[in-house]
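Close look at the chain arrangement
Given next are the chains, with one letter for each unit.
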Amino acid sequence: MPIKLSDAVYTNLLEKNFDKALSLRNRYSFINANIFPLLSKEEQELLLEFEENCIKLQKDVNRDDVYTIAPKLGEKRMLQRMNPYDGIEGSSKHQMLLNIAVNGMAPEVDFAMTASSILVGNSLFHNPKRTDVQQKALEEIWDGTAIGGIGITEMQNGSDAVNMKTQATIHDDKSFTYNGIKIYTTNGAVADYYSTYGVTDISNPRRTMMLGLFKRGDEGLKAERLRIPAAPGIGIAKVTYDNVTVPADRMIAEPGEGYRRLFRGLTPERIAITSGSLAGEWHTLATGAIFSQIRYQFGKPLLKYQGISHVLSDLYAHIAAYTAFAFQVADFYDKKVGKKIHQGEKPNPMDEGTVAILAAQAKYLAAKYSLHAAYEVVQTMGGRGAINEPGSQNMINRGENVARLMEVLGGHRNIQLMIIEAGLKATTMMSIDRFVKKARKNEEKTNAKVIELYIQRAEKMLTEDAEFLSENTKNQLNEALTRLKTAIETKHKVDLKAYSSALPKILNSAGKEAYQARKAQKS
Ligand SMILES: Cc1cc2nc3c(=O)[nH]c(=O)nc-3n(C[C@H](O)[C@H](O)[C@H](O)COP(=O)(O)OP(=O)(O)OC[C@H]3O[C@@H](n4cnc5c(N)ncnc54)[C@H](O)[C@@H]3O)c2cc1C
């Protein structure tokens, strides 16, 4: 009879030499050697400052409850650096440096704090007319004394979040009530504040989407934790709003403005997810580069074998290229959009459109690559890639877990590709618009000719093969013909499409019917 698994004792496997070599300081050292050439002196110093703080704080991280570290990070103004706060300038590039430091300390902390300080923080910061309660929430979140969760996704509406169903009702005194369920709210299980989208008319979400601030303890608000194995220390939740009524000063964005705010928030959110993904990739690569030079098999360090070194070199080239691109996107966002928002001005819609596409490209590449990179490095480490020992500097397994979440957040892969596709169209339209129109006209002419041929064939069949067709088939042909001709005359696009695709099918089965009837007559 085996003993119960819960009675089995754990041991530690990783040798001290490996563990020490994989220290946070050593991983930072590898990353700095690669990233410093892309940074100004001031940015290099900032990264070093973040890293030193993380080295000191690492011992305080609780992997089973990532929130305990929030006030300490807040004290050092290390919960976000994208937006200006407490006399410190805001910069997406600085945010990327922050992610690199924090992710190495604990990838789960990086994930949860980005959701609180960037996703919820931005939603409050982007409101130039923040009420006192909203300003208080923002400060508490950025100080790390409170945690925020953003509510967009619903059970029926994930990628299609715009068509959300959470019903918002605004009362005469401008207080408002929410009814609906949000799912996957990161930090939702422990959040003090919820920044949540709703619509006053579900049939017209674009015009009526709003954003409201809710607090833990609001009557009717219930948060239930979800079991997400890849993120054991993070409280991701289903949040139910059952007739939750809150005062007018909780309105972050009025109906209609909420829709613009959602999209204005998604670009920096994607930049932050890009930087979280890249931060994970750099620590993953650092782990592989260090480990493969220490682990010996067949008398040589693993890095001496091309089967290992080429895998790592391929990752290295991709991660370096993605990082350079991401820094460029961050700079563009800061100069053209972020700065305007920080000054309470409206950014130029062309610039917002451009950076939305750039951010989608960066997020698509970086998020997709993060799991690939983690998986590949785990493989280069053999069995030591699978272990996850408390207090160990070998975080590859935890990094791999978090990496598998990066693509789904902030718009899944295909949603990024849809935005990128819009970029393909938008950036060619100016130069090739007239050729596109001509091609469309040519296609329409060809289609018209084909339809004309089908009409002639149908008319011929109705006269020449009438005796071989059933009444039902003749009726169907006549009906399709009449409707199609009317659609052509009246330029009714829907009917034209429907009957020009129906007629060939009816003709096809009518042809078979006539052939069978002729054959039967001959025999
Ligand atoms: C760990 C985690 C944390 C999260 N945190 C938050 C949070 O804090 N707040 C929040 O609001 N949400 C959050 N989300 C939700 C996340 O944003 C959604 O899961 C995501 O938008 C996808 O929605 P869905 O899960 O309903 O998938 P679906 O929309 O059902 O998509 C399933 C698949 O279909 C594809 N797909 C969908 N539509 C199309 C299309 N038109 N063409 C081609 N392919 C398509 C998708 O790319 C995906 O591959 C989180 C999710 C996870 C897993």
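Everything that follows concerns the structure shown earlier in this document.
The notes below deal with the structure included here. Predicted model, so just to flag it, every value in this text is computed and none were measured.

**Concerning the packing of helix α14 (residues 471–490) against helix α15 (residues 493–522)**
The N-to-C vectors of α14 and α15 enclose an angle of 155°; their axes lie 9 Å apart at closest approach. Classified by the interaxial angle, the pair formed by α14 and α15 is roughly antiparallel. The two elements α14 and α15 meet at a crossing, and its hand is left-handed. Within the contact between the two elements, α14 uses T473, Q476, L477, A480, R483, L484, A487 and I488 and α15 uses D495, L496, Y499, S500, L503, I506, L507, A510 and E513. A breakdown of the residues in the contact of α14 with α15 according to their chemical character gives eleven nonpolar, three polar and three charged.

**Description of the pattern of salt bridges**
Side-chain pairs of opposite charge can arise where the charged atoms are in close proximity. Throughout the structure, instances matching the rule amount to 25 salt bridges. One salt bridge in this structure joins K41 and E45, with 3.6 Å as the shortest N-O distance. One end of the pair, K41, and the other, E45, are both in helix α3 (residues 41–57), four residues apart, so they sit about a helical turn from each other. Looking at E45, the relative accessible area reads 44%, which means it is partly exposed. Between D192 and R216 there is a salt bridge, and its shortest N-O distance comes to 2.7 Å. Separated by 24 residues along the polypeptide, D192 in the loop between β3 (176–185) and β4 (193–199) and R216 in the loop between β5 (209–215) and β6 (221–225) bring together distant segments of the chain. Look at D192 and you get partly exposed, because its relative accessible area is 22%.

**Looking at the packing of aromatic side chains**
Applying the stated criterion across every chain yields a total of twelve aromatic pairs. Between the aromatic rings of F125 and W142, the centroid separation amounts to 5.8 Å while the plane-to-plane angle is 45°, which identifies the pairing as tilted. With a gap of 17 residues between them, F125 in helix α6 (residues 107–125) and W142 in helix α7 (residues 132–143) connect regions that are remote in the sequence. With respect to burial, F125 and W142 carry one shared label: buried. Residues F176 and Y178 carry aromatic rings whose centres are separated by 5.9 Å and whose planes lie at 50° to one another, so their mutual orientation is tilted. The residues F176 and Y178 share a single accessibility class, namely buried. Among the aromatic residues, those joined into a cluster by ring pairs are F176, Y178, F214 and Y241. Here K93 stacks its cationic end above the ring of F327, 5.1 Å away from the centre of that ring. Here R384 stacks its cationic end above the ring of F18, 5.3 Å away from the centre of that ring.

Parameters at a glance
- Residues numbered from 1 in each chain as written.
- Predicted model: local features only at pLDDT ≥ 70, side-chain atom pairs only at ≥ 80, totals over all residues.
- Heavy atoms only, no water.
- Axes fitted to C-alpha atoms, helices over the stretch in contact; angles between N-to-C directions.
- Helix = DSSP H or I, 4+ residues; strand = E, 2+ residues; numbered from the N terminus.
- Parallel < 35°, antiparallel > 145°, perpendicular 65-115°, else oblique.
- Left-handed = near helix turned anticlockwise from the far one by under 90°.
- Contact = heavy atoms within 4.5 Å.
- Nonpolar A, V, L, I, M, F, W, Y, C, P; charged D, E, K, R; others polar.
- Salt bridge = Lys/Arg side-chain N within 4 Å of Asp/Glu carboxyl O.
- Buried < 20%, exposed > 50% of the residue type's maximum accessible area, 1.4 Å probe, protein only.
- Phe/Tyr/Trp six-rings, centres within 6.5 Å; stacked < 30°, edge-to-face > 60°.
- Lys NZ or Arg CZ within 6 Å of the ring centre and 35° of its normal.

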